[in-house]
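# Understanding the architecture of this molecule
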Amino acid sequence: MPFTILKKRELVPTIHQVDVAAPRVAEKAMPGQFVILRIDECGERIPLTIADFDAADGTVTLIFQEIGKTTRQLASLGAGDSIADLAGPLGCASSIERFGTVVCVGGGVGIAPIFPIARGLMEAGNKVISIIGARSADILFWEERMEEASSELYVTTDDGTKGHHGFVTDIVQKVIESGEQVDRVIAIGPPVMMRAVAGVTKPFGVKTVVSLNPIMVDGTGMCGACRVLVGGVTKFACVDGPEFDAHEVDFTLLMSRLAMYLPEEKEALDYEAAAEPAV
Ligand code: FES
């Protein structure tokens, strides 16, 4: 059964939001979970974290960045178009409890999945200190949404065009060193950012959770594509995660596995470019 795109817009250059009619997914979705979609019968399967969901409207919101052939193809679709398959919600939901004070960190496109987690943690009675970061102000999105979902919000940009000039880790460190009792940190973003956050919190012994984004195929624990090493033990991010203890994750292995298919991705993009009519 195809899934209809109800709304589609480019939030900032190369980052898009699609709202898809998927009532059964929306009904069961929880913060931290993801879907696997396939644009058409012959398409590649790609995992996307659920950025928002509305059970009453029967919609799920997905945010993605144009990186490879499939995400570019998805970006070219508009309202009224449809997606062949959308399987989910998959993965374990984020742990939403009354922890006390939680620092939520979202970097780049990771701002999207951190949003429902921050909102859930606020609703559960936590003090939520959110830190969102991007390379530059022009690719920062959902600041207002994050403001609503947080007790305090900090913005960072690598180039200083908005908020703190520097990295999200600078603020994580500042908050912890300010004497604030931080009970938990959750970080979602590029692996290098999540590793850096883990490096900051570890000496302070602050429980830190990251949401991993390895290559996935079936999303149900059968293919092994999403294997990650956590505390020396092999885990499948699709069924055991995607959230794991940041201090136990082998980020070097994660990053090398993520780079595994870059030559094939380049080949697919080159092939597509060659097939495009010259203008
Ligand atoms: S995606 Fe296949 S085992 Fe996780």
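Residue positions are given per chain, counted from 1 along the sequence in the order it is written. Given that this is a predicted model, residues contribute local features only at a pLDDT of at least 70 and side-chain atom pairs are listed and counted only at 80 or more, while totals for whole chains, interfaces and linings are drawn from all residues. To get the side-chain values, take all heavy atoms of the structure and skip hydrogens and water.

Secondary structure summary: the protein contains nine helices and 16 strands in total. Only C-alpha atoms enter the radius of gyration; for comparison, a globular chain is expected to reach 2.2 Å times N to the power 0.38, where N is the number of residues. A globule of 279 residues ought to have a C-alpha radius of gyration of about 19 Å, and the protein, at 18 Å, matches this closely. The dimensions of the protein, computed from C-alpha atoms along their principal axes, are 60 × 40 × 40 Å. By definition in these notes, contact holds between two residues if any of their heavy atoms fall within 4.5 Å. Long-range pairs, those at least 24 residues apart, make up 65% of the contacts in the protein with a sequence separation of at least 6. Strands here mean DSSP runs of E at least two residues long; helices mean DSSP runs of H or I at least four residues long; both are numbered from the N terminus.

A separate point is helix 8 (residues 251-258). Along helix 8, the residues classified as buried are Phe251, Leu254 and Arg257. The buried residues of helix 8 occupy an angular sector of 130 degrees when the element is viewed end-on, so they sit on one face. Buried residues in helix 8 make contact with helix 6 (191-201), strand 13 (208-211) and strand 14 (227-230). N or O atoms within 3.5 Å of each other form a polar contact, as long as, within protein, one can give a hydrogen and the other can take it, and as long as residues adjacent in sequence are counted only when both atoms are side-chain atoms. The N-capping residue of helix 8, defined by a side-chain oxygen 3.2 Å from the backbone nitrogen of Thr252, is Asp250. For each residue, the accessible area found with a 1.4 Å probe, counting protein chains only, is set against the maximum for its type, and the residue is called buried under 20%, exposed over 50%, and partly exposed in between. What the arc describes is the spread of directions from the helix axis to the C-beta atoms.

Another point: helix 5 (residues 168-177). Residues spaced three or four apart along an α-helix face the same direction, because each turn holds 3.6 residues. Every buried residue of helix 5 is accounted for by Val168, Thr169, Ile171, Val172, Val175 and Ile176. Along the long axis of helix 5, the arc covered by the buried residues comes to 160 degrees, so they all point the same way. Away from its buried face by more than 90 degrees, helix 5 exposes Lys174 and Glu177. Summarising the contacts, the buried residues of helix 5 are in contact with strand 8 (101-107), strand 9 (127-134), strand 10 (152-157), strand 11 (164-165) and helix 6. Immediately beyond the C-terminal end of helix 5, within one or two residues, lies Gly179, with a positive phi of roughly 100 degrees.

If you check the domain split of the protein, you get domain 1 (3-90) and domain 2 (94-211). Start and end positions for the domains come from either an automated domain assignment or a database one. With centres defined by C-alpha atoms, the gap from domain 1 to domain 2 works out at 24 Å. Tallying the contact residues gives 16 residues for domain 1 and 15 residues for domain 2. What gets called buried area is simply the loss in accessible area from a 1.4 Å probe that two parts show on being joined, summed for both. Carbon and sulfur atoms supply 65% of the area that domain 1 and domain 2 bury against each other, a total of about 1,200 Å² over both sides. When a carboxyl oxygen of Asp or Glu is within 4 Å of a side-chain nitrogen of Lys or Arg, the pair counts as a salt bridge. Where domain 1 packs against domain 2, one counts two salt bridges. Between Asp52 and Arg145 there is a salt bridge, and its shortest N-O distance comes to 3.0 Å.

With mixed pairing, the seven strands of this open sheet are ordered in space as 11-10-9-8-12-13-16. Of all strands in the sheet, those bounded by a partner on one side alone are strand 11 and strand 16 (243-245). By the convention used here, strands pair only if DSSP detects at least 2 bridges between them. Of the strand pairs in this sheet, strand 9 and strand 10 are connected by six bridges, and their pairing is parallel. By the bridge assignment for strand 10, Ile131 is matched with Tyr154. Here, axes are lines fitted to C-alpha atoms. For helices the fit covers the stretch in contact, and angles between N-to-C directions go from 0 to 180 degrees. Across the sheet, helix 3 (residues 111-123) lies against strand 8, strand 9, strand 12 (184-188) and strand 16, angled at about 165 degrees from strand 8, the strand it touches most.

Within the element layout of this structure, Thr71 appears in helix 2 (residues 69-75). Residue Thr71 is classed as buried on the basis of its relative accessible area, which comes to 11%. One polar contact links the side chain of Thr71 to the main-chain amide nitrogen of Gly68, over a distance of 3.0 Å. Not counting residues within four places of it along the chain, the set of residues in contact with Thr71 comprises Ile46, Phe64, Gln65 and Glu66.

This next bit is on the packing of aromatic side chains. Any aromatic ring pair is given by two values, namely how distant the centres are and how the planes are angled relative to each other. Only Phe, Tyr and Trp rings are paired, with Trp represented by its six-membered ring, and only when their centres lie within 6.5 Å; those with planes under 30 degrees apart are stacked, over 60 edge-to-face, the remainder tilted. One pass over the full model with this rule turns up two aromatic pairs. Ring centres of Phe115 and Trp142 lie 5.3 Å apart, and the angle between their planes is 75 degrees; this geometry places the pair in the edge-to-face category. Here Phe115, found in helix 3, pairs with Trp142, found in the loop between strand 9 and helix 4 (143-148); they are 27 residues apart in sequence, far enough to count as distant. Residue Phe115 is classed as buried on the basis of its relative accessible area, which comes to 6%. Aromatic pair Phe141 and Trp142: ring centres 6.1 Å apart, planes at 65 degrees, arrangement edge-to-face. Both residues of the pair, Phe141 and Trp142, belong to the buried class. Three or more aromatic residues joined by ring pairs make a cluster, and in this case those are Phe115, Phe141 and Trp142. We note Arg145 situated over the ring of Phe115; from NZ or CZ to the ring centre the distance is 5.2 Å. As a reminder, the over-ring test applies to NZ of lysine and CZ of arginine, requiring each to be within 6 Å of the ring centre and within 35 degrees of the ring normal.

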